[in-house]
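# Inside the fold
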Amino acid sequence: MATTDRQNATLALAHALSAAERGLPVIPLSPSKLPALRSPHRGDAEPVLCRGECGLPGHGVHDATTDPAGVRALFAAAPWATGYGIACGRPPHHLIGIDLDTKSSTDSVAALQDLALRHLFTIPETVTVLTPSGGRHLWLTGPPDIVVPNSASRLAPGIDVRGAGGYLVGPGSVSAHGAYRLAPGTAELSPAPCPRALLRLVTPPARPHHPTQAGPARPVQGNGLVQFVLAAHEGQRNTRLFWAACRAYENGFGDELADALTEAAVQAGLTEREARATIASAERLTSGRRY
């Protein structure tokens, strides 16, 4: 390991331990911003839907911990890690990350300000992390009884949301593209509560429950994804299923839609084993999305 990489790894561990002391669950990240530890189930013949129940590291955001000994153990297993991720949606802070991207042609900062004007909320002063690409992450806290899903550009073009099952790259991390650092004047701040109007925008409305004697109905949310898989022709089935499963997990209803997607894939020509394996791969990928 080069001297610079060793220094970055040492600093990443130090920053991760500092974050853990403040109640922020952390995991080590590689320079690609992906979780540094690979899944212990990657070579298994059968798909394994495990979120750490096996007791081994390598489950992405599900490894996140605030225990100093646990943090040190994760980084010891991944000495190449040059950054750390902070799990969103976890107690005590129930962190919500608002990622203002610079890669799209839309001014994401202006888009958020426009949302604030139209929905009558004020963007609070809060912890803000500057990214190597010129974007910024706003840290907000949510109520413990509300689950905020991850989403990409659903709120507005260029604005991504990290909630339950997602993570944010922590300040002090170094990626292949540069360093993440706290914005001037925000280092001493605590994450501000998410404004109620903004919380309503980032939280999907509850679906009405209509009991029926005909058995459980297919989830209304995600029916378009199910139809997309059903319409797959030979040569498209795995690709379409993987794409649909990724979108479902990114938007917070992947587990709910998994059976319906499996059924659609089987009808399209895949075996149930193939379908389950593809959906499990999509779940693992999206649980490791970096923001």
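Below: a short report on this structure. (Residues numbered from 1 in each chain as written. Predicted model: local features only at pLDDT ≥ 70, side-chain atom pairs only at ≥ 80, totals over all residues. Heavy atoms only, no water.)

### Let's talk about helix H5 (residues 223-230)
Taken residue by residue, H5 has Leu225, Val226 and Val229 as its buried positions. All buried residues of H5 lie within an arc of 100° about the axis, which places them on one face of the element. For H5, the secondary structure elements touched by its buried residues are helix H6 (237-250) and helix H7 (254-268). (Buried < 20%, exposed > 50% of the residue type's maximum accessible area, 1.4 Å probe, protein only. Helix = DSSP H or I, 4+ residues; strand = E, 2+ residues; numbered from the N terminus. Arc of directions from axis to C-beta. Contact = heavy atoms within 4.5 Å.)

### As for the environment of Gly135
Among the structural elements, Gly135 can be located in the loop between strand E4 (128-130) and strand E5 (136-141). A relative accessible area of 4% places Gly135 in the buried class. Taking C-alpha positions, Gly135 is 5.4 Å from Thr102, a pair spaced 33 residues apart along the chain. With residues near it in sequence (within four places) discarded, Gly135 still touches Leu100, Thr102, Val129 and Leu130.

### Details of the packing of H6 against H7
Their axes nearest at 10 Å, the elements H6 and H7 cross at an angle of 165°. Between H6 and H7, the interaxial angle falls into the category roughly antiparallel. Crossing hand, H6 versus H7: right-handed. Facing H6, whose interface residues are Arg237, Leu241, Ala244, Ala245, Ala248 and Tyr249, H7 presents Gly254, Asp255, Leu257, Ala258, Leu261, Ala265 and Ala268. In the contact of H6 with H7, the residues fall into 10 nonpolar, 1 polar and 2 charged. (Axes fitted to C-alpha atoms, helices over the stretch in contact; angles between N-to-C directions. Parallel < 35°, antiparallel > 145°, perpendicular 65-115°, else oblique. Left-handed = near helix turned anticlockwise from the far one by under 90°. Nonpolar A, V, L, I, M, F, W, Y, C, P; charged D, E, K, R; others polar.)

### Here we look at the pattern of salt bridges
By the definition in use, this model includes 4 salt bridges. With a shortest N-O distance of 2.9 Å, Arg247 and Glu250 are connected by a salt bridge. Linking Arg247 with Glu250, this pair stays in helix H6, spanning 3 residues, or about one helical turn. Residue classification places Glu250 among the buried positions, given a relative accessible area of 11%. Glu272 is paired through a salt bridge with Arg276; the nearest N and O atoms lie 3.6 Å apart. Of the two residues, Glu272 and Arg276 both sit in helix H8 (residues 272-287), 4 residues apart, roughly one turn of that helix. Connected through salt bridges with shared partners, the residues Asp259, Glu272 and Arg276 form a single ionic network. (Salt bridge = Lys/Arg side-chain N within 4 Å of Asp/Glu carboxyl O.)

Purely geometric stuff here, so don't read any function into it on its own.
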